[in-house]
Amino acid sequence: MGLFGSWDFRHFSILLIIFFLRYCSSSSSSLHPSIINSISVHQNYTAISGFRVINRRSLTQCIDPNPFLQINVTSKNPNKLGDEEYVHVTVSGVLDPSEHDWVAMISPSNSSVSSCPFNGAQYAQTGDFSSLPLLCHYPVKAMFMSTDPNYLSCKKKECKRYRKGKCEVNTCTGTLSFHVINIRTDIEFVFFAGGFDTPCVLARTKPLSFANPNKPLYGHLSSLDSSGTSMRVTWVSGDSKPQQVQYAGRRTQTSQVTTFSPKDMFSAVPPSPATDFGWHDPGFIHSAVMTGLKPSSHYTYRYGSDLVGWSDQIQFKTPPAGGSDELTFLAFGDMGKAPRDAALEHYIQPGSISVVEAMAKEIETRNVDSIFHIGDISYATGFLVEWDYFLQLIAPVASRVSYMTAIGNHERDYIGSGSVYFLPDSGGEGGVPYETYFPMPTIAKDKPWYSIEQGSVHFTIISTEHQWAKNSEQYKWMQKDMASVDRSRTPWLIFMGHRPMYTSSLGLLSVDPDFVNQVEPLLLASKVDLVLFGHVHNYERTCSIFRNQCKAMPRKDQSGIDTYDHNNYSAPVHAIIGMGGFVLDKFPNPVTNTWSLSRVSEFGYFRGHATKEELKLELVNPDTRNLEDRFRIVKKQTFNRKLKEG
């Protein structure tokens, strides 16, 4: 869009960060002073709230000689937690219920809920002399007691002391419901007073353990190549010993096992969440390849071992082989996850659950072949336990069909990590958890670009966070990959990445002019049919566009659907599909870009159906299943017709 002219985007980013931090420090009068003092430590350009900076609160001892106070947990099994359940946390014996009372879920259970004096120097060296951290480890989630509508009104009363037959001391009770999944490490619940600004500990439960912390969980599939004859399954377990995948009857493959540690993360001054208060042990990531499959076929599998247990039997489908005719795929960006309870978490993407549930129903009822998630995957951003919650969320879809991904800024970017953009968006992850959880058919570690063919489509997937300038390794790979496409086998070329080249939204960091100037001519020269990006959290479709100019406009077919004729190719069609779950970006009013043909600021996912001569593309609303946008790209296969005539 030429928003910054010839000014180097990365230099602008650095100046903008400095301005942003100064602005927040001087004008955030609505925030508590301890948030303002530490905003540069915990903002990470992702979100800001009282809960996000809870570990920057000084801990005081509650002056509360209440002898009646108790906190108890009720679960399905009174001794051990299951792999997924809602546990009830009851706080009783409260003398004076307050709107500032809250409960935190802590894991591991030995995390300190006292101040961390040895961490003081890490913050002081930055000029941050505010109170030392409240928690050495960040809470998994938290919930105010007022979530129970009966708590503040004390409808659940219990008399603790009688005098002359009359109640002298009444106490109040409240109960909260927490959604808990198997994150392997013990958990406990801590009852705080004072809200997030002046918290103090009142009571805590005993540690709660999971029945099987080694249980194999959260399996998801990906393709290795374009043949459709092999599929990789990746899962998480607390056990380091190799396990197996059993599939297609009696076939078995043994897993390769890996993990990562805080030493693999990136950090700066002060330390990143991934290396410090956001760290959570990921357990062990297992990966095994199912071979000898047939494309476009259904099979069942399970993973695990006799020692640690097995997953359920899961039915899955292999994608069509590259060069075959039909393909149905779903695509989106910027999903993340959201709590299934009323809790606050580090980072919440409110549309994620409805989008996943709608896609799961579609996989059950339609012939879906594969899914593409193009960046900003979990939004864990250094708070590692959130990867488990994300993997658990997507399991109903990612365990059934090939789940292919592209890396985004919230997986990769961190200062000193080698990313193109000098921003701390990954919270110190630097792409390590992403590449461990989602092994794609890339050329090497930390080179997350690849291509794959399914049906009549050649997909070129790049990293917008790694160097893409001319003569870079990735640029040369893009050039070679797209030049090698055999259009008689795969007539459609779809290009995918995270950061877009066009958007009508007003975010300053949405489009990098350098990226557009360097890479857009390559798309035109390669005759890319469709370009899919995320990063901006809405949906927008363009004309056939190059250098901000419409080179061709679609025409309405007999059904009134916009149809792009690529028999006379002029330029790619771009679509932003970043509406997968993150809080939506609104469009300005009015939009003056003549190249912007369709704009929808609603959650949803993108559906594509490809044959040799047509790409049929739709934006699906997850709640209503209505089609918010529809368009087609058509192209006659003269090569195939000549073969038949001959």
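Residues numbered from 1 in each chain as written. Predicted model: local features only at pLDDT ≥ 70, side-chain atom pairs only at ≥ 80, totals over all residues. Heavy atoms only, no water.

## Comments concerning the state of the cysteines
Now for step 1: Per the stated rule, a full pass over the model turns up 4 disulfides.
Now for step 2: Here C62 connects covalently by a disulfide to C200, the sulfurs 1.9 Å from one another. On the sign convention where negative is left-handed, the bridge of C62 and C200, at about 95 degrees about the S-S bond, is right-handed. Of this pair, C62 sits in the loop between β1 (60–61) and β2 (70–74) while C200 sits in strand β9 (residues 200–204); the two residues are 138 residues apart in sequence, bridging distant segments of the chain.
Now for step 3: Since its relative accessible area comes to 9%, C200 is described here as buried.
Now for step 4: Paired through a disulfide, C543 and C550 show a sulfur-sulfur distance of 2.1 Å. Measuring the twist about the S-S bond at about -90 degrees, one finds the C543-C550 disulfide to be left-handed.
Now for step 5: For C543, a relative accessible area of 0% corresponds to the buried category.
Now for step 6: Judged by relative accessible area, C550 falls into the partly exposed class, the value being 30%. (Disulfide = S-S within 2.5 Å. Helix = DSSP H or I, 4+ residues; strand = E, 2+ residues; numbered from the N terminus. Buried < 20%, exposed > 50% of the residue type's maximum accessible area, 1.4 Å probe, protein only.)

## A word on the sheet that holds strand β5 (residues 141–144)
Now for step 1: Reading across the sheet, the 5 strands line up as β1-β9-β8-β4-β5 and stay open at both edges, with mixed pairing between neighbours. Both edges of this open sheet fall to β1 and β5, since each of them pairs with a single strand only.
Now for step 2: In this sheet, strand β8 (residues 188–193) lies alongside strand β4 (residues 102–106) in antiparallel orientation, the contact comprising 5 bridges. Directly across from M105, in β8, lies its bridge partner F189. (Pairing = 2+ DSSP bridges.)

## Quick notes on the pattern of salt bridges
Now for step 1: The full count for this structure, using the stated rule, is 30 salt bridges.
Now for step 2: Notably, a salt bridge pairs K337 with E345, separated by 2.9 Å at the nearest N-O pair.
Now for step 3: For E345, a relative accessible area of 7% translates into the label buried.
Now for step 4: Three or more residues are tied together by salt bridges with common partners; here these are K141, K337, D341, E345 and E386. (Salt bridge = Lys/Arg side-chain N within 4 Å of Asp/Glu carboxyl O.)

## Some points on the environment of I407
Now for step 1: Relative to the helices and strands, I407 is located in the loop between β21 (402–406) and α7 (409–412).
Now for step 2: Once the C-alpha coordinates of I407 and G497 are considered, the two residues, 90 residues apart in sequence, prove to be 7.7 Å apart.

## Focus on the sheet that holds strand β6 (residues 157–163)
Now for step 1: Spatially, the 4 strands line up as an open sheet ordered β2-β3-β7-β6, and their pairing is antiparallel. Lying at the two open borders of the sheet, with one neighbouring strand each, are β2 and β6. Taking each pair of neighbouring strands and ignoring which way they run, the sheet shows an average axis angle of 20 degrees.
Now for step 2: The pairing of β6 with strand β7 (residues 166–181) spans 6 bridges and is classified as antiparallel. Across the sheet, residue Y162 finds its bridge partner in β7, namely C167.
Now for step 3: Contacts from helix α6 (residues 385–398) reach β3 (84–94) and β7 within the one sheet, and its direction differs from that of β7 by about 65 degrees. (Axes fitted to C-alpha atoms, helices over the stretch in contact; angles between N-to-C directions. Contact = heavy atoms within 4.5 Å.)

## Let's talk about the packing of aromatic side chains
Now for step 1: Tallied over the entire structure, the rule returns 29 aromatic pairs.
Now for step 2: Geometrically, the ring pair formed by W102 and F196 is edge-to-face, given 4.8 Å between the ring centres and 85 degrees between the ring planes. Here W102, found in strand β4, pairs with F196, found in the loop between β8 and β9; they are 94 residues apart in sequence, far enough to count as distant.
Now for step 3: In this structure W102 comes out as buried when scored by relative accessible area, which is 0%.
Now for step 4: Note on F196: relative accessible area 10%, which makes it buried. (Phe/Tyr/Trp six-rings, centres within 6.5 Å; stacked < 30°, edge-to-face > 60°.)

## Here we look at the pairing of β8
Now for step 1: β8 sits mainly inside the fold: 6 of its 6 residues count as buried.
Now for step 2: Alternating positions in β8 separate into two faces, E188, V190 and F192 on one and F189, F191 and A193 on the other, with burial throughout.
Now for step 3: Relative to β9, β8 runs antiparallel, the two being bridged by 4 bridges. Paired with V190 across the two strands is R204, which belongs to β9.

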